[in-house]
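Results of the structural survey
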Amino acid sequence: MKAVQYRELGGSPEVVDVPEPEPGPGQVLLRITAAGVCHSDIAVMNFSADELTFPLPLTLGHEGAGTVAALGDGVRGVEVGDSVAVYGPWGCGRCAKCAQGKENYCLRAAELGIFPPGLGAPGAIAEYMLVDDARHLVPLDGLDPVRTVPLTDAGLTPYHAIKEALPVLTPGSTAVVIGTGGLGHVAIQLLRALTPARVVALDVTERKLALAREVGAHEAVLSDDAAVARVGELTGGIGAQGVFDFVGAPPTVAIATAVASVEAAVVIVGIGGGRADVGFGSVPYDMSARAPYWGSRGELFEVFDLARSGAVDVHVERYSIDDAPLAYQRLHDGEINGRAVILPNG
Ligand code: NAD
Ligand code: ZN
Ligand code: ZN
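As a starting point, this report considers the structure included with it. (Residues numbered from 1 in each chain as written. Chains lettered and ligands numbered in written order. Predicted model: local features only at pLDDT ≥ 70, side-chain atom pairs only at ≥ 80, totals over all residues. Heavy atoms only, no water.)

1. Re the nonpolar core
If you look at the biggest cluster of nonpolar residues, it comprises 85 residues, and the most contacted ones within it are Leu30, Ile125, Leu137 and Phe244. Within the second largest apolar cluster, 20 residues are counted, among which are Ile178, Val200, Leu234 and Ala240. (Core = buried A, V, L, I, M, F, W, Y, C linked by side-chain atoms within 4.5 Å. Buried < 20%, exposed > 50% of the residue type's maximum accessible area, 1.4 Å probe, protein only.)

Have a look at this one:
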């Protein structure tokens, strides 16, 4: 079968032929209908040998949806032909965090060598993919796989980021979204659906800002030297109560803390190496800073329910599996508006 792999340190994604996997006991084989392309993959492909915690080659893709093609021994409750999405942050399923559905914060995954598909285990940008346990499958129940698959990360991650910040996003509040790409353009829609906050979006090109406005941002502002002053004007000098940074680089984290109000929730989601300097006197009183990772299984069900209600609509660009390397190149170059989705089986 065809798969898209990151094969050696410093290399680029390649379309290769690999054996079709067979499900072992407890595993489920999916025929992939759609797989999303996330900027984290580009970060992983820039990791040094020391930073990379799993061996190469790696089949990419941690946003996956498909139809159940075969069941390993002992699998129950799933039928061949079911249309499902994959909950990606696999955990042990048994620790205190996993027991709450927070497999993204599994206490034993590292020790047990459990990796998410596409981030250590073979991922979804392939014709077929193995899922280690049926509990990782979430029924699509009528949702379109192509427009839904990004919600498994580009929806779930901002959903978790926003949900924990809901107490400060009261009427009259402002939420700032920095970086309105795959995650950010969904974050804007989630903020509009879940909160009464005024949403101010920041990005570096007019094309991205146009999408931000289209999906519901009240204001869209260029992320330049004037951005902090502009957010100040828009909030009457008070600042934003919620700040969601989907870039997470040093300059954007600096903006994130500079636009924060007293008691603001600053949430650094992007993995661009930026750090918030939090201490008494260096940030507004009672400002909190978080750096969350992905979301829980329960939250993915909630995100899908929101999608069913029509509250979120992912802006997708479709690619064949042969064009997956092009999708990564365009994402790297900032040319994807919304999320690139690969259709490995046409
Ligand atoms: P993306 O490339 O689709 O979106 C990033 C957006 O940021 C683009 O629109 C880009 O134009 C914009 N941008 C770049 N520099 C900017 C700046 N200085 N100011 C404002 N905007 C700027 O990427 P994505 O797939 O949405 O991922 C976003 C980030 O989130 C990445 O760092 C990714 O690795 C990370 N991520 C983290 C988690 C997590 O669990 N913490 C999960 C998924 C993705
Ligand atoms: Zn991701
Ligand atoms: Zn666990």
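2. Overview of the pairing of strand β13 (residues 260-268)
In terms of residue burial, β13 counts as a mostly covered element, since seven of its nine residues are buried. Two elements, strand β12 (residues 240-245) and β13, share five bridges in a ladder whose sense is parallel. For Val243, the partnering residue across the bridge sits in β13 and is Val266. Judged from the three bridges that link them, β13 and strand β14 (residues 288-290) form a sheet pairing that is parallel. Across the sheet, the residue bridging to Ala265 is Ser288, located in β14. (Helix = DSSP H or I, 4+ residues; strand = E, 2+ residues; numbered from the N terminus. Pairing = 2+ DSSP bridges.)

3. Topic: the site of ligand 1
Around ligand 1 sit 27 residues, and of these His39, Ser40, Asp203, Ser223 and Arg339 come closest. One nitrogen or oxygen atom from the main chain of Val269 is found 3.0 Å from a nitrogen atom belonging to ligand 1. Within the residue set of the shell around ligand 1, elements represented by two or more residues are α1 (39-44), α6 (182-194) and β10 (198-203). Residues belonging to the shell around ligand 1 are distributed by class as follows: 13 nonpolar, 10 polar and four charged. (Near = heavy atom within 4 Å. Polar contact = N/O pair within 3.5 Å; in protein donor to acceptor, adjacent residues only side chain to side chain. Nonpolar A, V, L, I, M, F, W, Y, C, P; charged D, E, K, R; others polar.)

4. Regarding the layout of surface pockets
Considered as a void within the structure, the second largest pocket measures approximately 200 Å³ in volume. Every residue along the wall of the second largest pocket is listed here: Gly10, Gly11, Ser12, Pro13, Ile42, Met45, Asn46, Pro325, Tyr328, Gln329 and His332. Counting residues per element, the lining of the second largest pocket draws most heavily on helix α11 (residues 324-332), at four residues. Within the lining of the second largest pocket, the residues separate by chemical class into five nonpolar, six polar and no charged. (1 Å grid on protein atoms, 1.4 Å probe; cavity = no way out; pocket = protein on both sides within 12 Å on 5 of 7 lines; lining within 4 Å. Points joined across faces, edges and corners; volume = space filled by probe spheres on them.)

5. Notes on helix α7 (residues 206-214)
Every buried residue belonging to α7 is among Lys208, Leu209, Leu211 and Ala212, and all of these are buried. Looking straight down α7, one finds its buried side chains confined to an arc of 155 degrees; they lie on one side. In this structure, the buried side of α7 is in contact with α6, β10 and β11 (219-222). In the stretch just after α7, Gly216 is the one whose phi turns positive, near 125 degrees. (Arc of directions from axis to C-beta. Contact = heavy atoms within 4.5 Å.)

6. So, the coordination of the zinc ion (ligand 2)
Within the protein, the zinc ion (ligand 2) binds to Cys38 (SG), His62 (NE2) and Asp153 (OD); these donor distances fall in the range 1.8 to 2.3 Å. All donor residues of the zinc ion (ligand 2) come from one chain, and their arrangement in sequence is C-x23-H-x90-D. Pair noted here: Cys38 is in the loop between β3 (28-37) and α1 and His62 is in the loop between β4 (58-59) and β5 (63-71), with a separation of 24 residues, a long-range link. There is no split in this pair, since Cys38 and His62 are both buried. (Donors = N, O, S within 2.8 Å, 3.2 Å for Na, K, Ca; no water.)

7. A word on the environment of Gly24
As for its placement among the helices and strands, Gly24 is situated in the loop between β2 (14-17) and β3. Sequence separation of Gly24 and Val131 is 107 residues, and the distance between their C-alpha atoms is 10.0 Å. Residues contacting Gly24, with those up to four places away along its chain left out, are Gly72 and Asp73.

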